[in-house]
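Here's the letter readout for the chains.
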Amino acid sequence: MRAQITGASTRLSRKPRIPLLLGAQTAFNLSFYAVVPFIALVLAQKFELSATAVGMVLGIRTFAQQGMFLVGGALADYFGGRRIFLVGITVRVLGFTALALGTAVTSTIPGVALAIFVAGTVFTGLGGALFSPALNLYIAQADQQRAAEGTTAVNGRTTLFAWLNVTGEIGAVLGPLLGYSLIDHGFTLVAVVGAAVFILLWGIFWFLLPDTQQDASGDVSISTAGSTPGGVLAQSSMIFSRILAVVKNRGFTRFAALHSVDLFCYNQLYFALPLIAAAVQDSHKVLAAAFAAISVVVLVGQVPISYLSSKFSVATTLRVGYCISALGLLILGAAQWNTADTAPVFLESIGSPTLIITGALLIGAGHLLVSPQALSHVSIHTPTHAKAAYLGFIATCGGIAVLLGNFVVGSVLDIVADAFPAAQPLVWVAAALVITLAASLQRPLNHRDFDLQ
């Protein structure tokens, strides 16, 4: 017991190495984007599933990750960031391994292979729901240390959450290149390489990742309380009570619900953008140009944008960011209008590809402005013992908004397409108005929202 506590204290005495934390995000996204973009293709071609079935599987994966961030955050708060970080990596390895196994045995036991593959997609999402909140906890603590030393956005410098976006985008750009370089040899190899990357990361972080405060304080209580069924029930009750405390916090729930429009709007790059670009000549080239432009903006513009936003109040930054994203949706709606016979001459002179790329850039810029500042703002105001849970709840609300929002928008688009196709752009106008309304209602958090916690 003494050795266990001493080891935890030694690890806790080391500050988290910021390059190590940021590098983790690059490596996570490198492996993720090398594998996950091919899941839909494998389900449709190798397992011959319908589009509806493919959408259901992908939706379940999304919910297993985004929807479970609150739970992952609460676990990181209770058991410590280091434990949940390593467990999350392990679960992601299991997920990628199941994906590889499912495709490897398709020809011999197709029914079982499909079940293994679907389980792999779920475990892939659950792994992210564990290590991502834990990583956010480390970033939040490091950001607060920098704030205390006068080297973060609070004092006119860039928040670490902005750098997290930049390093994550590097992985998101390189990941598909890795995947495409391997896919000719089969998806099984792609998934195996993805799992190997996470196994390597597990070893690196086992040795180099220091403890959070929760890790050190939890060593004795977890080892003793978890040794009996009653102890397990007590732990489960405590974790559930922390989750309940987050959800019952009206001020924070209001903030998170209104902020969910940011993730909904950003997700339209993967829902609305391909849908609208499909009606344009050379749609694949237009999409490639749009995503390339967004990647450049993230890599080059995230840090300056975050630095600039730190000069203004949180309320101003959030409202301006939401409105920029809403403007991007309006321009995407204009691009869709431009493909109809009723489009005005001035839109035709601009051209749909230009409108699509401009709209995508504005949505990306709005997200770059809002996301790091919102996470930094939450990490400053939330109590230390529940910081990861509150950060996780932000992602959970965003995931719910994406699922419900895409369902509503998709259903309305289908209905309008049958009855009055020319009115489809109005759907994006309505979505932009909802986002603008959220901007007008949003207010920053204050410590009174957490006085009782």
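Residues numbered from 1 in each chain as written. Predicted model: local features only at pLDDT ≥ 70, side-chain atom pairs only at ≥ 80, totals over all residues. Heavy atoms only, no water.

**Side note on the overall build of the protein**
Broken down by element type, the protein carries 19 helices and 0 strands. Buried positions account for 52% of the 453 residues belonging to the protein. In the protein, once contacts between residues fewer than 6 apart in sequence are set aside, the share between residues at least 24 apart is 84%. (Helix = DSSP H or I, 4+ residues; strand = E, 2+ residues; numbered from the N terminus. Buried < 20%, exposed > 50% of the residue type's maximum accessible area, 1.4 Å probe, protein only. Contact = heavy atoms within 4.5 Å.)

**A short note on the packing of helix H8 (residues 160–182) against helix H9 (residues 187–208)**
Put simply, H8 and H9 touch, their axes get as near as 8 Å, and they point 140° apart. The orientation of H8 relative to H9 falls into the category oblique. The handedness of the crossing between H8 and H9 is right-handed. Residues Leu178, Gly179 and Leu182 of H8 form the contact with H9, whose own contacting residues are Leu189, Val190 and Val193. Tallied by class, the residues present in the contact of H8 with H9 amount to 5 nonpolar, 1 polar and no charged. (Axes fitted to C-alpha atoms, helices over the stretch in contact; angles between N-to-C directions. Parallel < 35°, antiparallel > 145°, perpendicular 65-115°, else oblique. Left-handed = near helix turned anticlockwise from the far one by under 90°. Nonpolar A, V, L, I, M, F, W, Y, C, P; charged D, E, K, R; others polar.)

**Things to note about the nonpolar core**
It is characteristic of soluble globular proteins that their nonpolar side chains tend to be buried jointly. The biggest cluster of nonpolar side chains holds 113 residues, and the ones touching the most others in it are Phe28, Phe85, Phe187, Phe205, Phe252 and Leu329. For this core, the leading source of residues is helix H7 (residues 110–148), giving 11 residues. (Core = buried A, V, L, I, M, F, W, Y, C linked by side-chain atoms within 4.5 Å.)

**Some remarks on H9**
Along its 22 residues, H9 runs 32 Å from first to last C-alpha, staying within 8% of the 32 Å computed at 1.5 Å per residue. Buried within H9 are the following residues: Phe187, Val190, Ala191, Gly194, Ala195, Phe198, Leu201 and Phe205. One face of H9 carries all of its buried residues, which in axial projection span an arc of 130°. In H9, the exposed positions that point more than 90 degrees away from the buried face belong to Ile199, Leu200 and Phe207. (Expected span 1.5 Å × (residues − 1). Arc of directions from axis to C-beta.)

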